[in-house]
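Overview (structure and organization)
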Amino acid sequence: MVSTPWLKRGTYRSGVSWPRWGWSLPSTLPARHHDRKRPALLHQRLRSPDSQLEARDLHKSYNIGRRTLEVLRGVSVQIERGEFLALRGASGAGKSTLLHLLGGLDTPNQGEIFSGGTNLSKLPNLALSRWRNQKVGFIFQAYHLLPELDALENVCLPARMARIEVDTAVARGRELLKRVGLADRMDHKPFELSGGEQQRVAIARALINSPELLLADEPTGNLDSHTGEGIIELLCSLRTEHQTTLVIATHDAKVATRAPRVLELADGVVCSGANASPA
Ligand SMILES: Nc1ncnc2c1ncn2[C@@H]1O[C@H](COP(=O)(O)OP(=O)(O)OP(=O)(O)O)[C@@H](O)[C@H]1O
Ligand SMILES: [Mg+2]
């Protein structure tokens, strides 16, 4: 029996309403009428159907007052299905910025990103949200757990947004929290968890919908080496078992050595690792 009424009622236990878009996803998306208007887009979609992600000439800058900060200045990378790519570079090199673009959480000023041949920048917002929810798991550097929800509720949230049945979502959430070593912290709110425990909740949340693409921003940054190794083992085993594509931004040399390919960012460009290594 599920003891989490918030999952059924559509409200947080504190009474806060669910994000409306969480419940309003239609079972069929609106027709992508713009495809008809853009034969060139269709052509592009057929060009790289096998790659998981392909970024072409990405530029991203921020305006700070009258100053423009150019973070990415023409980054291109192709990531194959089931690949494990480590993203490295000095602090401020643009690793998180690139991960956010690859996960459709932010948009480039210039350049395009294709997923399975689909141009993400051409997707309507609803379709992009659905792509993120169903295909992508994102482990944020700053976790971004919802403070009103306990660990299990945070983990289950993306599953409920994907309309996975409550009992299934909760069972899966419990299993994932056990796998990240938090069996005895499921009912703790984020403020009742240590930084490393919050990070592990965020990891479990990213895995709940069995994403085909996992984008992880410093997933072991707040963990002791033993726990961090366990997390990397878990992610690597998901890759082996389910062909999950892993892209991990990390300063941890041990994590990077596990990756067959390392993409190095410096001065806003890729300085090594742009080309896929043979499988
Ligand atoms: N929203 C923003 N507005 C202005 N500048 C930003 C914004 N987001 C990031 N930056 C700047 O962009 C640069 C790259 O940031 P990013 O977070 O991608 O670096 P990073 O490589 O992930 O660094 P770290 O290893 O410290 O996590 C930084 O200099 C940062 O100050
Ligand atoms: Mg970062």
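Observations concerning the sheet that holds strand E3 (residues 84–88)
Read from one edge to the other, the open sheet built from six strands follows the order E6-E7-E8-E3-E9-E10, with strand pairing classed as mixed. Each edge of the open sheet carries a strand with a single partner, namely strand E6 (136–139) and strand E10 (269–272). Averaged over all pairs of adjacent strands, the angle between their axes in this sheet comes to 20°, without regard to strand direction. The pairing of strand E7 (residues 213–217) with strand E8 (residues 245–249) spans five bridges and is parallel. Within the sheet, the bridge partner assigned to Leu 215 lies in E8 and is Val 247. Of the strands in this sheet, E6 and E7 are in contact with helix H9 (residues 195–207), which crosses E6 at around 170°.

Regarding helix H10 (residues 225–242)
If you check H10, its first and last C-alpha atoms are 25 Å apart, about what 18 residues at 1.5 Å a residue would give, namely 26 Å. Considering only its buried residues, H10 is in contact with H9, E7, E8 and helix H11 (253–258). Of the residues flanking the end of H10, it is Gln 243, one or two places downstream, whose phi is positive at about 60°.

Remarks on the packing of helix H7 (residues 151–161) against helix H8 (residues 166–179)
Running from N to C, H7 and H8 cross one another at 130°; their axes reach a closest spacing of 9 Å. Relative to H8, the element H7 is oriented oblique. Viewed along their axes, H7 and H8 form a crossing whose handedness is right-handed. Two secondary-structure elements touch here, H7 through Ala 151, Leu 152, Val 155, Cys 156, Ala 159 and Arg 160 and H8 through Ala 169, Val 170, Arg 172, Gly 173, Arg 174, Leu 176 and Leu 177. Each residue belonging to the contact of H7 with H8 can be placed in one class, and the counts come to nine nonpolar, one polar and three charged.

Thoughts on H8
Between the first and last C-alpha of H8 there are 20 Å, a value that for 14 residues agrees with the 20 Å anticipated at 1.5 Å per step. Restricting attention to buried positions, one finds in H8 the residues Ala 169, Val 170, Gly 173, Leu 176 and Leu 177. Angular distribution of buried residues about the axis of H8 spans 130°; they occupy a single face of the element. Exposed residues pointing more than 90 degrees away from the buried face of H8 are listed as Asp 167 and Thr 168. Positive phi appears at Gly 181, one or two residues downstream of H8, with a value of about 80°.

Notes on the site of ligand 1
Lining the immediate environment of ligand 1, one finds 13 residues, of which Tyr 62, Ser 91, Lys 95, Ser 96 and Thr 97 sit closest. Contributions of two or more residues to the shell around ligand 1 are made by strand E1 (51–64), strand E2 (67–80) and helix H5 (95–102). Among the elements that make up the shell around ligand 1, the one with the highest residue count is H5 (three residues). Residues belonging to the shell around ligand 1 are distributed by class as follows: five nonpolar, seven polar and one charged.

Some words on the pairing of strand E4 (residues 110–115)
In the sheet, E1 pairs with E4 via four bridges, with the strands oriented antiparallel. Across the sheet, His 59 pairs through a bridge with Gln 110, a residue of E4. Where E4 lies against strand E5 (residues 118–119), two bridges are found, and the strand directions are antiparallel. What sits directly across from Ser 115, in E5, is Thr 118. Turn length for the E4-E5 hairpin, with the two strands adjacent in sequence and antiparallel, is two residues, and the turn residue Gly 116 shows positive phi of about 55°.

Concerning the sheet that holds E1
The antiparallel open sheet is built from four strands, whose spatial order is E2-E1-E4-E5. Edge positions in the sheet fall to E2 and E5, since each has one partner strand and no second. Across 11 bridges, the pairing between E1 and E2 is antiparallel. Opposite Glu 54, over in E2, you have Gln 78 as the bridge partner. Lying over the sheet, H5 contacts E1, E2 and E4, oriented at roughly 125° with respect to E1.

Quick notes on unusual backbone geometry
One non-glycine residue, Gln 243, lies in positive phi territory at about 60°. Here Gln 243 shows up in the loop between H10 and E8. Here Gln 243 falls in the exposed class, since 12 other C-beta atoms lie within 10 Å of it.

Definitions and cut-offs
- Residues numbered from 1 in each chain as written.
- Chains lettered and ligands numbered in written order.
- Predicted model: local features only at pLDDT ≥ 70, side-chain atom pairs only at ≥ 80, totals over all residues.
- Pairing = 2+ DSSP bridges.
- Helix = DSSP H or I, 4+ residues; strand = E, 2+ residues; numbered from the N terminus.
- Axes fitted to C-alpha atoms, helices over the stretch in contact; angles between N-to-C directions.
- Contact = placed C-beta atoms within 7 Å.
- Expected span 1.5 Å × (residues − 1).
- Parallel < 35°, antiparallel > 145°, perpendicular 65-115°, else oblique.
- Left-handed = near helix turned anticlockwise from the far one by under 90°.
- Nonpolar A, V, L, I, M, F, W, Y, C, P; charged D, E, K, R; others polar.
- Buried ≥ 20, exposed ≤ 12 C-beta atoms within 10 Å, placed from the backbone.
- Arc of directions from axis to C-beta.
- Near = placed C-beta within 6 Å.

So far we have only geometry, and geometry alone does not tell us how the molecule works.
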